[in-house]
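Below, each chain spelled out in residue letters.
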Amino acid sequence: MMPGMWSGGPTAPTGGPAARRVVLLGAPGSGKSTQAARLAASLGVPHIAVGDLLRAVVARRTALGREAATFMERGELVPDRLIRDVLIEGITPQVALDGYVLDGYPRSVEQATDTQAMGGPPRAVVHLWITDQEAVRRLAGRRYCPEGHVYHLEDAPSRFGLRCELDGSRLVVRPDDREEVVRDRLVLYHRRIDPLLNRYAREGLLVEVNATGEPEDVARRVLDELTAASGSP
Ligand code: AP5
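Every value quoted in this text rests on a predicted model; they were computed, and no experiment measured them.

Criteria and thresholds
- Residues numbered from 1 in each chain as written.
- Predicted model: local features only at pLDDT ≥ 70, side-chain atom pairs only at ≥ 80, totals over all residues.
- Heavy atoms only, no water.
- Helix = DSSP H or I, 4+ residues; strand = E, 2+ residues; numbered from the N terminus.
- Buried < 20%, exposed > 50% of the residue type's maximum accessible area, 1.4 Å probe, protein only.
- Contact = heavy atoms within 4.5 Å.
- Lys, Arg positive; Asp, Glu negative; His and termini not counted.
- Charge placed at Lys NZ, Arg CZ, Asp CG, Glu CD.
- Arc of directions from axis to C-beta.
- Pairing = 2+ DSSP bridges.
- Axes fitted to C-alpha atoms, helices over the stretch in contact; angles between N-to-C directions.
- Parallel < 35°, antiparallel > 145°, perpendicular 65-115°, else oblique.
- Left-handed = near helix turned anticlockwise from the far one by under 90°.
- Nonpolar A, V, L, I, M, F, W, Y, C, P; charged D, E, K, R; others polar.
- Phe/Tyr/Trp six-rings, centres within 6.5 Å; stacked < 30°, edge-to-face > 60°.
- Lys NZ or Arg CZ within 6 Å of the ring centre and 35° of its normal.
- Near = heavy atom within 4 Å.
- Polar contact = N/O pair within 3.5 Å; in protein donor to acceptor, adjacent residues only side chain to side chain.

**Q** Just checking my understanding: could you explain the overall build of the protein chain for this structure?
**A** For the protein chain, the count of helices and strands is nine helices and seven strands. Dimensions of the protein chain, computed from the C-alpha atoms along their principal axes, are close to 45 × 35 × 35 Å. In the protein chain, which comprises 233 residues, the proportion classed as buried is 47%. Put simply, of all contacts in the protein chain between residues at least 6 apart along the chain, 66% involve residues at least 24 apart. Averaging the positions of the 30 positive and the 31 negative side-chain charges in the protein chain gives two centres separated by 2 Å.

**Q** Just checking my understanding: could you explain helix α3 (residues 63–73) for this structure?
**A** Each full turn of the α-helix corresponds to 3.6 residues, which orients residues three or four apart in the same direction. For α3, every residue scored as buried is listed here: G65, A68, A69, F71 and M72. Within α3, the buried residues cover an arc of 165° as seen down the axis, which keeps them to one side. Facing away from the buried side of α3, by more than 90 degrees, are the exposed residues A63 and R66. The inward-facing, buried residues of α3 abut α2 (50–59) and α4 (80–90).

**Q** Would you explain the pairing of strand β7 (residues 206–210) in this entry?
**A** For a regular strand, side chains alternate in direction, first toward one face of the sheet and then toward the other. Burial of β7 is one-sided: the residues V207 and V209 facing one way are buried, the residues L206, E208 and N210 facing the other way are not. The pairing of strand β4 (residues 124–129) with β7 spans five bridges and is parallel. Looking at β7, one finds that V125 is bridged to L206.

**Q** For this particular structure, what's the right way to read the packing of helix α7 (residues 132–140) against helix α8 (residues 179–202)?
**A** The interhelical angle for the contact between α7 and α8, taken along N-to-C directions, is 140°, at an axis separation of 10 Å. The angle between α7 and α8 places the two elements in the oblique class. Crossing of α7 over α8 shows right-handed handedness. Taken together, the residues of α8 that come into contact with α7 (itself represented by D132, A135, V136 and L139) are E179, V182, R183, R185, L186 and H190. By residue class, the composition of the contact of α7 with α8 is five nonpolar, one polar and four charged.

**Q** Explanation requested: the packing of aromatic side chains in the structure shown.
**A** The tally for this structure, following the rule as stated, stands at zero aromatic pairs. Cation over ring: R74 sits above F71, and NZ or CZ is 5.6 Å from the ring centre.

**Q** Any chance you could explain the site of the ligand here in plain terms?
**A** Within the structure, the ligand sits among 35 residues, and T34, E76, R107, R142 and R185 are positioned closest to it. A distance of 3.0 Å is found between an oxygen atom of the ligand and a backbone nitrogen or oxygen belonging to G29. Between a nitrogen atom of the ligand and a main-chain N or O atom of G104, the distance comes to 2.8 Å. Of all the secondary structure elements, the ones that give two or more residues to the shell around the ligand are α1 (32–43), α2, α7 and β6 (150–152). For the shell around the ligand, the leading source of residues is α2, giving four residues.

Set out below in C-alpha cells:
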C-alpha cells in the first residue's frame, strides 16, 4: 500500500485490522464500477460488482439467471433471496476477511441490515453523486464487452472502435441502458437511497464524493475523502 493511503482505520469491527470492506453507492451511471476498479487496485483488494456477478449468472442461463434477467431487463431490483446466492459466490470468507470494494450492494435499508451477506459491516461507505442529466448522458454512451470491460463512446472510447481493447470482443449496449429503462432505474434509485444514506451517516461511515469530472480526478477525490474520514495521514 502506498504511504499515506487509507488503511481502514486502526481497528475493524469484525475480521481483524485488515478487513478493509468499502461499499460504493451511487445512481446508475455515477461511475461505481469505474471507481470501484480503481479503488480496489489502489487498496490491493478485489472489486466485487454485484451487477457483473448477476450478468454472469444470466449468461449461464441457469434457473436463477433466467429469473434475475426478468427483473434486470426492466431496471427493477432482483429479489434479495437471489442476490444472497450471488453474493456468496463473490464474497468468500477469505475475501470478507481481507477486504473488498463492493459495488452494487446494498441498495436498500433491508439489504444494509443483512451485514452477514456482506461478510461483515463495512468500514466505509462512499456515495458518488452526480446529476440525473449526467447519469442519462453517461449511460447513453456506455458500451461494454461480455467480460465486463466498460467504455464510453465520447469520454472513454476504445482505441479499437467497437472492439474491446483488452480482449478484442465486440462492444455492446447493455439492455437496461435504453433511455426509458434508465429513467425507471433512476426513479427507483432515488426512492431507496435517502434512508440508506441517512443510516450510514448516522453510523459515521458515509463519505460523500462529487463524481463529476475526469475519472482520475474522481478517483483522487475518493482516496482523499477516505483518508480524511479515517483520520490517518
Ligand atoms: P449494476 O450493473 O450495478 O447497475 P447500476 O447500479 O444501475 O450502475 P451502472 O452499472 O449502470 O453504473 P455505474 O455507476 O457502475 O457506472 P459505470 O462506472 O459503469 O446493476 C444492474 C442491475 O442488477 C440493477 O438494475 C438490478 O436489476 C440488479 N442489481 C444489482 N445489484 C442489486 C442489488 N443489490 N439488489 C437487487 N438488484 C440488484 O459508468 C457508466 C458510464 O459512464 C461508462 O460508460 C463509463 O465509462 C462512464 N463514466 C464513468 N465515470 C465517468 C466520469 N467521471 N466522466 C465521464 N464518464 C464516466
